[in-house]
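Next come the chains, spelled out residue by residue.
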Amino acid sequence: MQMVKNLIEQCLVHHMSPKQAMDVLYQKEKIEPYFTKTVWRLLKEQNPEFFRKYDIRLAVIDQVLRFNDLIEKQAEMMSQLNHHPNEVAEMRSFKYAVAEATPISKLLQLFNYEFVIFEPI
């Protein structure tokens, strides 16, 4: 049990989730996932404050990774749009047509508000 505890502590240093730790310990050390899960649970019960912060840290890491993926996808899409200027013009005209047809734009026109669509920089 002490060996598994030490291995889990190494997994914690590498910011692994319980599932990742179970997978790694099974693949490298042939430790059954249920045993890793049991030891993880015991550690969590013994150190609730540490694991509360650790879980938050894992959530933030996950959000940063997802955000980075979205930024990468946006960069790819913007690159594709820059190679097809006609499609960009079509998308802009479609955006204006949809915006002008929305009920809110008609309401704003009734009150003499100018309906402005801001272009990305």
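Just above sits the structure.
In this text the structure is predicted, and so the values were computed from the model without any measurement. (Residues numbered from 1 in each chain as written. Predicted model: local features only at pLDDT ≥ 70, side-chain atom pairs only at ≥ 80, totals over all residues. Heavy atoms only, no water.)

Participant: Looking at this structure, how should I read a nonpolar patch on the surface?
Facilitator: Where nonpolar side chains cluster on the molecular surface, the patch consists of M1, Y34 and F35 and spans about 360 Å² of accessible area. In this fold, M1 is placed in the segment before helix 1 (2–13). (Patch = residues over 30% accessible without salt bridge, like charges linked within 9 Å, V, L, I, M, F, W, Y side chains within 5 Å. Areas by Shrake-Rupley, 256 points an atom, 1.4 Å probe, with all protein chains shown as cover. Salt bridge = Lys/Arg side-chain N within 4 Å of Asp/Glu carboxyl O. Helix = DSSP H or I, 4+ residues; strand = E, 2+ residues; numbered from the N terminus.)

Participant: How should I be thinking about the packing of aromatic side chains in this particular structure?
Facilitator: Pairs of aromatic rings are described using the distance from one ring centre to the other and the angle between the two planes. In this structure the tally under the stated criterion is five aromatic pairs. Between F51 and Y54, the aromatic rings sit 6.2 Å apart at their centres with planes inclined by 70°, giving edge-to-face as the arrangement. Residue F51 and its partner Y54 are located together in helix 4 (residues 48–82), separated by three residues, close to a single helical turn. For Y54, a relative accessible area of 1% puts it in the buried group. Through a chain of ring-to-ring contacts, the aromatic side chains of W40, F50, F51 and Y54 assemble into a single cluster. If you follow K30 out to its NZ or CZ, it ends over the ring of Y26, 5.6 Å from the centre. (Phe/Tyr/Trp six-rings, centres within 6.5 Å; stacked < 30°, edge-to-face > 60°. Buried < 20%, exposed > 50% of the residue type's maximum accessible area, 1.4 Å probe, protein only. Lys NZ or Arg CZ within 6 Å of the ring centre and 35° of its normal.)

Participant: Any chance you could explain the environment of Q10 here in plain terms?
Facilitator: With respect to the secondary-structure elements, Q10 resides in helix 1. For the pair formed by Q10 and A21, sequence separation is eleven residues and the distance between their alpha carbons is 9.2 Å.

Participant: I would appreciate a short explanation of the packing of helix 2 (residues 18–29) against helix 3 (residues 33–46) in the present structure.
Facilitator: In a pair of packed helices, the angle between the axes and the distance between the axes together describe the arrangement. As a packed pair, helix 2 and helix 3 sit with axes 9 Å apart at the nearest point and diverge in direction by 135°. Considered as vectors, helix 2 and helix 3 are oriented oblique to each other. Crossing of helix 2 over helix 3 shows right-handed handedness. On the side of helix 2, the interface is formed by P18, A21, M22, L25 and Y26, while helix 3 contributes P33, T36, K37 and W40. (Axes fitted to C-alpha atoms, helices over the stretch in contact; angles between N-to-C directions. Parallel < 35°, antiparallel > 145°, perpendicular 65-115°, else oblique. Left-handed = near helix turned anticlockwise from the far one by under 90°. Contact = heavy atoms within 4.5 Å.)

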